[in-house]
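# Geometric and topological summary
Here's the letter readout for the chains.
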Amino acid sequence: MTNASPQEQIRQAPLSLGEGPGGKLPVEAGRKARLAILLSGRGSNMLALVKATQTGILKDLAEVAVVFSNQPDAPGLAFAAEQGCPVAALPSQGRKREAFDAEAAALLQQYQPDFVVLAGYMRILSPAFIQPFAGRIINIHPADTHQHQGLHAYEWAFDNHLPETKITVHLVDEGLDTGPILAQQTVDLRGADTLAEVERRGLAVEHDLYARTLAALITTPSKTSC
Ligand code: GAR
């Protein structure tokens, strides 16, 4: 547990993902990584990432290829359009998971993303989606994925009076929040006496950690090609 304020906690040293020397960068030098950002709701993480590509840590490293949603009326999709991002939607309601995922993957491939960045994309992904982007799908989760998986992580922390939660950025595999962890950051929840306050503290860390983790991923040579 840390005594630092939320503001102090999110201003930490740049992340290093620590791969060994001799690997390849996931994106060739001289071009920006293309991000496909996926959301189902309000899109605060998407907005933070868009801003990071415009004026922040991702400015020279990444660009938004598309913001995609399975919910055509997701508020985040409208916010993305206001920011000038290309947007696309495919309604998932009533669709069989594999068929929807195959169609969504084909749609996204038209935008040639280097990374598929899940930002509140509230779907369990089937192999039809994961295989075309294997090793290149990233998710952010409001808790340590070893302790809590799936939805409502802030409610879980609040209801259990946890003194802290650990925001986790991880690679996505075919399990529910089981992929390899890329970065984690602790949020001090002591004294947070409403769910709204728990979320406010957590989201401030999410917004910073996600962009920093992506920056580290893009600039870290990897032994496995992306
Ligand atoms: C965020 O808290 C994100 O970590 C969470 O959904 C919220 C989306 O908010 N994701 C998960 O719980 C994934 N298991 P946003 O739409 O404002 O970015």
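Structure: above.
Just so you know, these numbers come straight off a predicted model, no measurement behind them.

### Remarks on the overall build of the protein
Across its full length, the protein holds seven helices and seven strands. Helices and strands in the protein line up, N terminus first, as α-β-α-β-α-β-α-β-α-β-α-β-β-α. Going through the 226 residues of the protein one by one, you find that 47% of them count as buried. Considering only contacts in the protein between residues 6 or more positions apart, those separated by 24 or more positions represent 69%. In the structure as shown, the protein presents an accessible area of about 10,800 Å², 52% of it carried by carbon and sulfur atoms.

### Things to note about the packing of helix 2 (residues 44-55) against helix 7 (residues 195-219)
The geometry of helix 2 relative to helix 7 is characterised by a closest axis approach of 9 Å and an angle of 45° between their N-to-C directions. Comparing their axes, helix 7 and helix 2 come out oblique. For the pair helix 2 and helix 7, the crossing hand works out as right-handed. In contact with S44, N45, A48, L49 and A52 of helix 2, helix 7 contributes L203, E206, H207, Y210, A211 and L214.

### Examining the pattern of salt bridges
Under the criterion given, the structure shown has 10 salt bridges. Here R34 and E63 are joined by a salt bridge, their closest N and O atoms 3.5 Å apart. One end of the pair, R34, is in strand 1 (residues 33-39); the other, E63, is in strand 2 (residues 62-69), with 29 residues separating them in the sequence. Take E63: its relative accessible area is 33%, and that puts it in the partly exposed class.

### Comments concerning the site of the ligand
By nearness alone, 13 residues border the ligand, and R42, G43, S44, N45 and E206 come closest of all. Here an oxygen atom of the ligand sits 2.5 Å away from a polar atom, N or O, in the side chain of R42. S44 has a polar side-chain atom sitting 2.6 Å from an oxygen atom of the ligand. Its free accessible area being 450 Å², the ligand has 90% of it covered by the protein chains. Counting only elements with at least two residues in the shell around the ligand, the list comes to helix 2, strand 5 (137-141) and helix 7. Of the residues assigned to the shell around the ligand, the class counts are five nonpolar, six polar and two charged.

About the cut-offs
Residues numbered from 1 in each chain as written. Predicted model: local features only at pLDDT ≥ 70, side-chain atom pairs only at ≥ 80, totals over all residues. Heavy atoms only, no water. Helix = DSSP H or I, 4+ residues; strand = E, 2+ residues; numbered from the N terminus. Buried < 20%, exposed > 50% of the residue type's maximum accessible area, 1.4 Å probe, protein only. Contact = heavy atoms within 4.5 Å. Areas by Shrake-Rupley, 256 points an atom, 1.4 Å probe, with all protein chains shown as cover. Axes fitted to C-alpha atoms, helices over the stretch in contact; angles between N-to-C directions. Parallel < 35°, antiparallel > 145°, perpendicular 65-115°, else oblique. Left-handed = near helix turned anticlockwise from the far one by under 90°. Salt bridge = Lys/Arg side-chain N within 4 Å of Asp/Glu carboxyl O. Near = heavy atom within 4 Å. Polar contact = N/O pair within 3.5 Å; in protein donor to acceptor, adjacent residues only side chain to side chain. Nonpolar A, V, L, I, M, F, W, Y, C, P; charged D, E, K, R; others polar.

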